[in-house]
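# Overview (structure and organization)
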Amino acid sequence: MARDRREGLEIKVVNPPAATNNVSVETSPATATRRRRQQRASFAEFRPFKLWFPWLVPAIVVANIALFAISMFINNCPKNSAYCSARFLGRFAFQPMKENPLLGPSSLTLEKMGALDVSMVVHNHEVWRLFTCIWLHAGVFHVLANMLSLIFIGIRLEQEFGFVRIGLLYMISGFGGSLLSSLFNRAGISVGASGALFGLLGAMLSELLTNWTIYANKFAALLTLIFIIAINLAVGILPHVDNFAHLGGFTSGFLLGFVFLIRPQYGYFNQRNNPRGYAAPSAKSKHKPYQYVLWITSLVLLIAGYTTGLVVLLRGTDLNKHCSWCHYLSCIPTSLWSCKSQNVYCESSQIGQQMNLTCIANGKTEMYKLSNDIPSRVQQLCSQLCR
């Protein structure tokens, strides 16, 4: 996508004064070449929009990698590989695997560090998990894929719009992805920055639409962007991928793009950079009317959606009971995979202040310290132990 940054310039042609004594003035080729170079240099230096130095996106990448390393250290990987597991596609509704092709922290470790656990959000009101889960990752491939995507998408956006707007866009989109995920994915835990990344993609699309007049090759840019978004959303139909987080992040970013990434029209800059004494034919407003309409509409939808979603979530409502087909948005069953989780059974016994849980299918045993929320999480712990 290339933006047409050419500025409309008013050029006045002034007849040169008659040369005295009928002596014609000729400009040497060297002088003409030098003048053309100076004109090109002056044009290249003019930028209607400031370019920012990108530091926030690299800082986010470093923070995510550091937190992944810390989670592996807490989990005692790779020494304690029995409790490590690998994931490598998108945002995950995490479920441990028996195979261990690549190292990653266990679900219990991620839960301690702030993974999205709906039961804790609902019963303990730990709403902060909607933010902290976007900083955690389930495996090496998972964190590398997300961080490479963030570098590819985020640095260019930060250069053009600055760290404040892109930072807010990243965090709010990640929160929106976590919120929609928690309304539909009730079992297991979910981690990953994919919701925030899809928010950046959604913001790129809305930025293209709201600043339509400043783009060159706009239809080609639109089709390319839609194709990239469709391919990434299609990955979400695979099992164990939290596509609700992708959809929530994309929708949030799409609406936020109309709010944060709005550009003034070029005519506004033209009249500001006119020479002194030049009378512009008509004054240009900073933004076009449709930009204001999109700005207000998106802001209202964001506030209403987030408020409604939080109220429904904290009431413990499972939206799957009110939408019989919505689960197909996250996983479509085929002959190659199944979207249904298998039933697991465990035996439990209490020894003092600890509960001993044994998976009947594989014989694995784990001790858990009793707390107020343990009884409500027995099924989840059993599912984690048996996979």
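Residues numbered from 1 in each chain as written. Predicted model: local features only at pLDDT ≥ 70, side-chain atom pairs only at ≥ 80, totals over all residues. Heavy atoms only, no water.

An unreviewed UniProt entry lists the protein chain under the name RHOMBOID-like protein, with Arabidopsis arenosa as the source organism. Per UniProt, the protein chain has the following entry under Catalytic activity (unreviewed entry): "Cleaves type-1 transmembrane domains using a catalytic dyad composed of serine and histidine that are contributed by different transmembrane domains." As recorded by UniProt, the Subcellular location (unreviewed entry) comment attached to the protein chain reads in full: "Membrane". (UniProt positions renumbered as here; feature names shortened; annotations may be inferred.)

Let us look at the pairing of strand S6 (residues 346-351). Summarising burial for S6: zero of the six residues are buried, a small minority. Pairing of S6 with strand S7 (residues 354-359), which is carried by six bridges, proceeds in the antiparallel orientation. Bridging across to S7, Ser-349 finds its partner in Asn-356. The hairpin formed by S6 and S7 contains two residues between the paired strands, and Gly-352 there has a positive phi angle of roughly 65°. (Buried < 20%, exposed > 50% of the residue type's maximum accessible area, 1.4 Å probe, protein only. Helix = DSSP H or I, 4+ residues; strand = E, 2+ residues; numbered from the N terminus. Pairing = 2+ DSSP bridges.)

The next thing to look at is the UniProt feature "transmembrane region" (unreviewed entry) in the protein chain. With numbering aligned to this structure, UniProt lists the feature "transmembrane region" (unreviewed entry) at residues 52-74, 134-155, 162-181, 187-207, 219-238, 244-262 and 292-314. Along residues 244-262, the helical share is 89% and the strand share 0%, with 27 Å between the first and last C-alpha atoms.

A few words on the environment of Leu-110. With respect to the helices and strands, Leu-110 occurs in helix H3 (residues 107-113). When its relative accessible area of 0% is taken as the criterion, Leu-110 is described as buried.

Next up on the list: the packing of helix H10 (residues 243-260) against helix H12 (residues 289-314). Where H10 meets H12, the axes come as close as 8 Å, and the angle between the chain directions of the two elements is 140°. Taken together, the axes of H10 and H12 are oblique relative to one another. You can see that H10 and H12 cross each other, and the crossing is left-handed. Residues Ser-252, Leu-255, Leu-256, Phe-258 and Val-259 of H10 lie in contact with H12, whose contacting residues are Leu-294, Trp-295, Ser-298, Leu-299, Leu-301, Leu-302 and Tyr-306. (Axes fitted to C-alpha atoms, helices over the stretch in contact; angles between N-to-C directions. Parallel < 35°, antiparallel > 145°, perpendicular 65-115°, else oblique. Left-handed = near helix turned anticlockwise from the far one by under 90°. Contact = heavy atoms within 4.5 Å.)

For the rest of this paragraph, the subject is the pattern of salt bridges. As enumerated under the stated definition, the model contains three salt bridges in all. For the salt bridge of Arg-156 with Glu-160, the shortest nitrogen-to-oxygen distance reads 2.8 Å. With Arg-156 and Glu-160 both in helix H6 (residues 140-161), this residue pair falls four residues apart, about one helical turn. Using a relative accessible area of 45% as the deciding quantity, one classes Arg-156 as partly exposed. (Salt bridge = Lys/Arg side-chain N within 4 Å of Asp/Glu carboxyl O.)

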